[in-house]
Amino acid sequence: MADQAFVTLATNDNYARGAMVLGKSLRSHKTSRKLVALIGPHVSDPARKVLHKIFDEVRLVDVLDSGDSAHLAMLKRPDLGVTFTKLHCWTLTHYSKCVFMDADTMVVSNVDELFDREELSAAPDPGWPDCFNSGVFVFRPSKDTYEKLLKFCTEHGSFDGGDQGVLNSFFSNWATADISKHLPFIYNLSSIAIYTYLPAFKQYGGNAKVVHFLGKTKPWSYTYDTKARRVRGDIQESSSHPAFLLRWWELYSQTVLPLLFEAYGDQPFHSGCVEGENGDGMSLSHHAMPMISSEERKLRWEQGQADYMGMDSFENIQKKLDSFLK
Ligand code: UDP
Ligand code: GLC
Ligand code: MN
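An unreviewed UniProt entry lists the protein chain under the name glycogenin glucosyltransferase, from Megalops atlanticus. Entered under Cofactor (unreviewed entry) in the UniProt record, the comment concerning the protein chain runs "Mn(2+)".

> Outline the site of ligand 1, supporting the account with residue identities and numerical values.
For ligand 1, the set of nearby residues contains 17 residues, the closest of which are L9, T11, Y15, D102 and A103. Here the shell around ligand 1 gets three residues from one element, more than from any other, and that element is strand β1 (residues 4-10). Among the residues making up the shell around ligand 1, the classes are represented as seven nonpolar, six polar and four charged.

> An account of the packing of helix α2 (residues 45-54) against helix α9 (residues 242-264) is needed here, citing residue identities and associated values.
Running from N to C, α2 and α9 point in directions that differ by 130°, and their axes come no closer than 9 Å. Looking at the two axes, α2 sits oblique to α9. Crossing geometry of α2 relative to α9 is assigned as right-handed. Here P46, K49, V50 and K53 of α2 come into contact with α9, specifically with L259, L260, A263 and Y264. Looking at the contact of α2 with α9 residue by residue, the classes come out as six nonpolar, no polar and two charged.

> Give me the sheet that holds strand β5 (residues 105-107): which residues, what numbers.
Pairing is mixed in the open sheet, where three strands are placed in the order β5-β9-β8. Of all the strands in the sheet, just β5 and β8 (189-190) have a single pairing partner and so form its edges. Strand direction decides the pairing type here: β8 and strand β9 (residues 210-212), joined by two bridges, are parallel. In the strand pairing of β9, S190 is matched with H212.

> Describe the packing of helix α1 (residues 13-28) against α2, naming the residues involved and giving the relevant values.
Where α1 contacts α2, the two axes come as close as 10 Å, and the packing angle between them is 15°. Taken together, the axis directions place α1 and α2 in an arrangement best described as roughly parallel. Taken as a pair, α1 and α2 cross one another with a handedness that is left-handed. Note on element contacts: α2 touches α1 through A47, V50, L51 and I54, opposite D13, A16, A19, M20, G23, K24 and R27. Looking at the contact of α1 with α2 residue by residue, the classes come out as seven nonpolar, one polar and three charged.

What counts, and at which threshold
Sequence order as written defines the numbering, with residues in each chain counted from 1. Throughout, the order in which chains and ligands are written sets their labels, letters from A for the former and numbers from 1 for the latter. In keeping with the predicted nature of the model, local features appear solely for residues at pLDDT of at least 70, side-chain atom pairs appear and are counted solely at 80 or more, and the whole-chain, interface and lining totals rest on all residues. UniProt positions are given in the numbering used here, feature names are shortened, and annotations may be inferred rather than shown by experiment. Near, for a residue, is defined by distance from a backbone-placed C-beta atom to a molecule or strand, with 6 Å as the limit that must not be exceeded. Think of it this way: any DSSP run of H or I at least four residues long counts as a helix, any run of E at least two long counts as a strand, and we number them from the N terminus. Nonpolar residues are Ala, Val, Leu, Ile, Met, Phe, Trp, Tyr, Cys and Pro. Charged residues are Asp, Glu, Lys and Arg, and all others, Gly as well, are polar. Only the stretch in contact is used when fitting a helix axis, every axis being a line fitted to C-alpha atoms; angles between N-to-C directions are given from 0 to 180 degrees. Any angle that falls under 35 degrees is termed roughly parallel, while one over 145 is termed roughly antiparallel, one within 65 to 115 roughly perpendicular, and all others oblique. Handedness of a helix crossing follows the sense of rotation of the near helix relative to the far helix, less than a right angle counterclockwise being left-handed and clockwise being right-handed. Whether two residues are in contact depends on their C-beta atoms, placed from the backbone: they are in contact if these lie within 7 Å. By this definition, two strands are paired if DSSP reports at least two bridges between them.

Structure below.
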């Protein structure tokens with residue numbers, strides 16, 4: 001087991017905070033595997049210090065960028081070209097098998113059984129289920145695969161401008177070849193599923209093992225009131241179930257923040273936490289949605305940013321369905 005590891009990636013301090021919470025969530029559920037964080041040169045020294053406390057290995061890698069603005073614009077995520085950096089995970093050849101997890105994921109139970117699976121195992125992408133989502137996947141580090149992947153990138157690029165497009169084209173028989181490589185959706189549960197198939201979420205959501213805060217708005221985009229134990233912020237759209245979001249912030253404020261305070265010492269830093277202030281924005285449970293055009297709303301839906309607490313709440317969806325069924 002010493003030659004198996006969970007691997008994540010952070011190219012900046014925001015994603016590094018996500019990686020810290022992910023690492024702590026894996027530790028708190030007593031994983032028996034090693035933890036590895038790949039980081040880019042822009043991750044600050046104090047953040048590196050904290051990562052070293054949580055991860056067994058923190059490895060500095062070059063940032064690879066697809067530079068593919070056309071495809072990234074289609075995905076509406078201009079920031080995701082750097083996810084090509086993820087491909088470095090195949091260079092970790094001192095491990096025989098690894099599980100990659102995005103820095104915006106968090107485990108809610110032990111998931112060591114993932115190591116029983118083979119390369120390339122992953123869960124379906126909620127947007128196009130014949131593609132796998134590259135936020136959680138099982139792989140075997142190999143210099144040969146790494147080189148083939150880089151070659152593939154230069155020759156074919158990526159249909160979404162990020163790693164997920166490349167990986168799906170490279171492991172192109174995933175959808176049809178071997179069902180054991182299809183991870184159950186509970187290993188990569190993104191909130192978009194709550195809105196696209198609410199009854200299924202109600203039936204199976206309680207079995208979630210890995211939560212993925214997929215989409216533009218991340219847990220660290222909000223503010224957390226440590227006293228009221230509430231998530232606050234200028235909430236205009238949401239990309240996660242409130243209970244999971246709260247769990248992320250609890251883990252962050254209780255287990256990561258003390259390490260950040262220690263690492264930063266007298267230096268000020270953005271903790272993301274406030275204490276009992278009325279502050280800006282509104283609390284998650286009472287936020288109001290500004291009026292947006294139906295076009296803009298449709299766009300947000302397509303990006304996985306449903307306003308589940310407001311206009312797209314279950315009650316409203318139900319009303320709409322009822323009106324169709326009448
Ligand atoms: N990532 C990073 N820096 C960035 C963007 C992404 O380190 O500026 C890494 C990080 O591990 C992140 C993953 O790449 O979780 C994929 O990006 P993201 O999670 O934002 O994509 P999404 O899952 O929302 O499509
Ligand atoms: C996806 C995945 C993410 C990946 C991105 C770019 O939505 O969740 O892990 O980096 O697409 O391809
Ligand atoms: Mn992600």
